[in-house]
Amino acid sequence: MAGKGVFKDLLDGDVYKYYADGEWKRSSSGASVNILNPSTRKVQYKVQACTQEEVNKIMDSAKAAQKLWAKTPLWKRAEALHRAAAILKENKVPIAESLVKEVAKPQKDAITEVVRSGDLISYTAEEGIRILVEGKFLVSDSFPGNDRNKLCMSSKIPLGVILAIPPFNYPVNLAVSKIGPALIAGNALVLKPPTQGAVSCLHMVHCFHLAGFPKGLISAVTGKGSEIGDFLTMHPTVNCISFTGGDTGIAIARKASMIPLQMELGGKDACIVLEDADLDLAATNIVKGGYSYSGQRCTAVKVVLAFESIADMLVAKVNQKIAKLTIGPPEEDCDITPVVSESSANFIEGLVKDAREKGAKFHQEWKRDGNLIWPVLIDHVRPDMRIAWEEPFGPVLPVIRIKTVEEGIHHCNANNFGLQGCVFTKDINKAIMIADAMETGTVQINSAPARGPDHFPFQGLRDSGIGSQGITNSINMMTKTKSTVINLPGSSYQMG
């Protein structure tokens, strides 16, 4: 169980400790932050409310630990990551339990997230060896005006201290997608978990502790954003920020100093369905992409752009599948579970109310019980409705009927977001041309948007982010090039 067995050291009474210098600690503030269970809307967990002074100490320790870790042989770094991955997977049940209780993730999906995270760590260890073992060797005489008297050796070195901030919806997986690349590259890692998802993250961090990583190299600091949020992101010790979340990332980017940023900030992923599409395939992916985990995924289908000639048939098939979705608590592995918070549910309801008042057609009755929202397909949505543009992060999906491909592409590209999109058609040439025209980081052909497999590049345009994720890209992003130039005396020897 969470907080029991190998995880018993994480708890101080009913408050989870924070992690620093290889130890689980109480905050000197004496205060805590409540984590509400989305299903019951009652306090499920409490975490430490850390202070700015404690953040300073964590940063000092991270900086010192990183210097030693960077000198640790690459194969030893990889071995440590493999140990952490194995321990994480061994403890998938208690970690999944906290995911169920603090972010209302269905039990089977919670288990899958933890196992996937272990696999990600192991893959990162191996990919890190492949990437970091290689350097470059250059000679000077390829550039005009130079003799062959300079030799340049370049290699990748760590950036220093990485600040990782994952989101609530995949707190374990999106944390390790930052932690693994940072550590294999020789960096130190400071984790600021999301409030909802913090306990799952703390359990995951304990797996790294049990794997024997050096003291100070990995830290997990919990607390109030108003107290330590800006203090962390603007801290002079931080050499890189990797953030996944929402609008907060834009504010972080504006305040951060001149350091590398890796940010994924959400999306309004469009699904364009052409007249020749396999409508059964499209409907299956629309429901899977739009309603899994109650639509609380940055890569969820957020708007369907269907040709008028096939829209009625498509909508009918989607409605048939929606009717089969189960709704209820995550402990029962329901398809639709409560959204993460009351404020999220209120926001979703506001989008729905706006669409109803402006004449959209609802194929299901609007129903809400606390944070639990029944799935709704909203048809005949027009561009003047908020839901046509805003990201609901809930089980509500708008359908906009289009007459031309250009109309669909225009709607996709006119949005502030540009994370992913998808197109359904049997014409591969047309699919590739549309994918090329869609201004998004990734386009899926005949499948719903998705992040992964985890080694695939993952990036967004415009307000959807900065930089690129995926294991290989993250390792490269968390390193920099260092060159050593050997200057040979005189001219090169003449042969013959």
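Thresholds, definitions, all that
- Throughout this description, residue numbers start from 1 for each chain and increase along the sequence as written.
- Reporting in this predicted model follows two pLDDT cut-offs: at least 70 for local features of residues, and 80 or more for side-chain atom pairs to be given and counted; totals over whole chains, interfaces and linings ignore these cut-offs and use all residues.
- Remark: hydrogens and water are excluded; side-chain values derive from all non-hydrogen atoms of the structure.
- Note that the domain bounds were set by an automatic or database domain assignment.
- Defined in terms of a 1.4 Å probe, buried area is the accessible area two parts forfeit on being brought together, summed over both.
- Put simply, a salt bridge is a Lys or Arg side-chain nitrogen that is within 4 Å of an Asp or Glu carboxyl oxygen.
- Any N or O atom pair separated by 3.5 Å or less is treated as a polar contact, with the protein-specific requirement of one donor-capable and one acceptor-capable atom, and with residues adjacent in sequence counted only for side-chain atom pairs.
- UniProt positions are given in the numbering used here, feature names are shortened, and annotations may be inferred rather than shown by experiment.
- Only DSSP runs of H or I covering at least 4 residues are called helices, and only runs of E covering at least 2 are called strands; the numbering of each starts at the N terminus.
- Exposed residues in this analysis have more than 50% of their type's maximum accessible area, buried residues have under 20%, and partly exposed residues fall in between, with area computed by a 1.4 Å probe over protein chains only.
- We call two residues contacting when some pair of their heavy atoms lies within 4.5 Å.
- Simply put, an axis is a line fit to the C-alpha atoms, just over the touching stretch for a helix, and the angle between two N-to-C directions goes from 0 to 180 degrees.
- Just so you know how the angles are binned, under 35 degrees is roughly parallel, over 145 roughly antiparallel, 65 to 115 roughly perpendicular, and the rest oblique.
- Take the far helix as your reference; a near helix turned counterclockwise from it by less than a right angle gives a left-handed crossing, and one turned clockwise gives a right-handed crossing.
- By the convention adopted, Pro, Cys, Tyr, Trp, Phe, Met, Ile, Leu, Val and Ala count as nonpolar, Lys, Arg, Asp and Glu as charged, and the other residues, Gly among them, as polar.
- Any two strands with at least two DSSP bridges between them are considered paired.
- For this text, the term disulfide refers to a pair of cysteine sulfurs within 2.5 Å.
- A patch is a set of surface residues, each over 30% in relative accessible area and not in a salt bridge, joined within 9 Å for like charges and within 5 Å for the nonpolar side chains Val, Leu, Ile, Met, Phe, Trp and Tyr.
- All accessibility values rest on the Shrake-Rupley procedure with a 1.4 Å probe; residue burial counts only the protein chains present in the view.
- Residues grouped as a nonpolar core are buried Ala, Val, Leu, Ile, Met, Phe, Trp, Tyr and Cys residues, joined through side-chain atoms within 4.5 Å.

**Section: the domain arrangement of the chain**
Here's step 1: Domain boundaries in the chain define domain 1 (5-265 + 465-481) and domain 2 (270-445).
Here's step 2: Between domain 1 and domain 2, the C-alpha centre-to-centre distance is 32 Å.
Here's step 3: For the pair domain 1 and domain 2, the two sides together bury roughly 1600 Å², of which 57% comes from carbon and sulfur.
Here's step 4: At the boundary of domain 1 and domain 2, one finds 0 salt bridges.
Here's step 5: Summed over the shared surface of domain 1 and domain 2, the result is 7 residue pairs in polar contact (both at pLDDT 80 or more).

**Description of the UniProt feature "active site" (unreviewed entry) in the chain**
Here's step 1: In the numbering used here, UniProt assigns the feature "active site" (unreviewed entry) to Glu 264.
Here's step 2: Within the secondary structure, Glu 264 is located in strand E13 (residues 261-264).
Here's step 3: Here Glu 264 falls in the buried class, since its relative accessible area comes to 3%.
Here's step 4: Apart from the residues within four sequence positions on either side, Glu 264 is in contact with Phe 243, Thr 244, Gly 245, Cys 298, Leu 419, Phe 458, Ser 464, Gly 465 and Gln 469.

**What about the packing of helix H1 (residues 52-69) against helix H7 (residues 225-233)?**
Here's step 1: Put simply, H1 and H7 touch, their axes get as near as 9 Å, and they point 30° apart. Considered as vectors, H1 and H7 are oriented roughly parallel to each other. Note on packing geometry: the crossing formed by H1 with H7 is right-handed. Residues Gln 52, Val 55, Asn 56 and Met 59 of H1 pack against Glu 227, Ile 228, Phe 231 and Leu 232 of H7.
Here's step 2: For the contact of H1 with H7, the residue count by class is 5 nonpolar, 2 polar and 1 charged.

**Describing the sheet that holds strand E7 (residues 136-139)**
Here's step 1: In space, the 3 strands of this open sheet follow the order E7-E8-E28, with antiparallel pairing throughout. A single partner strand is all that each edge strand has here, and the edge strands are E7 and strand E28 (479-487). The sheet shows a mean angle of 25° between the axes of neighbouring strands, direction not considered.
Here's step 2: Pairing between strand E8 (residues 150-158) and E28: 9 bridges, direction antiparallel. By the bridge assignment for E28, Leu 151 is matched with Ile 486.

**A few points about the state of the cysteines**
Here's step 1: Enumeration according to the criterion identifies 0 disulfides in this entry.
Here's step 2: With no disulfide partner, Cys 50 has as its closest neighbouring cysteine sulfur the one in Cys 201, 14 Å distant.
Here's step 3: Given the relative accessible area of 2%, Cys 50 is considered buried.

**Remarks on a nonpolar patch on the surface**
Here's step 1: A cluster of nonpolar side chains, contributed by Phe 137, Met 153, Ile 486 and Leu 488, occupies part of the molecular surface with about 350 Å² of accessible area.
Here's step 2: For Phe 137, the position within the fold is in strand E7.

**Here we look at the UniProt feature "domain: Aldehyde dehydrogenase" (unreviewed entry) in the chain**
Here's step 1: The feature "domain: Aldehyde dehydrogenase" (unreviewed entry), as annotated in UniProt, sits at residues 24-483 in this numbering.
Here's step 2: Segment residues 24-483 splits into 40% helix and 22% strand. End C-alpha atoms: 40 Å apart.

**Section: the sheet that holds strand E16 (residues 361-362)**
Strand pairing in a sheet is mediated by backbone hydrogen bonds. Such pairs are either parallel or antiparallel.
Here's step 1: Judged by pairing direction, the sheet is mixed, and its 7 strands sit side by side in the order E16-E19-E20-E15-E14-E22-E23 without closing on themselves. Where the open sheet ends on each side, the last strands, each with one partner, are E16 and strand E23 (442-445).

**With respect to unusual backbone geometry**
Here's step 1: Of note in this structure, Arg 41 is not a glycine but carries a positive phi near 60°.
Here's step 2: Secondary-structure assignment places Arg 41 in the loop between strand E5 (32-36) and strand E6 (43-48).
Here's step 3: Of note, the phi angle at Phe 393 is positive, near 55°, even though the residue is not glycine.
Here's step 4: Mapped onto the secondary structure, Phe 393 falls in the loop between strand E19 (376-379) and strand E20 (396-402).
Here's step 5: What makes Phe 393 buried here is its relative accessible area of 19%.

**Points about the nonpolar core**
Here's step 1: Ranked by internal contacts, the top residues of the largest apolar core, which has 92 residues, are Leu 183, Val 190, Leu 191, Met 204, Phe 208, Phe 213 and Ile 241.
Here's step 2: The residue makeup of this core includes at least three contributed by each of domain 1 (5-265 + 465-481) and domain 2 (270-445).
Here's step 3: The contacts of Leu 183, once residues within four sequence positions are left out, are Trp 69, Arg 77, Leu 81, Leu 189, Phe 208, Phe 213, Leu 217 and Ile 218.
Here's step 4: Within the second largest apolar cluster, 58 residues are counted, among which are Val 287, Ala 355, Ile 373 and Leu 377.

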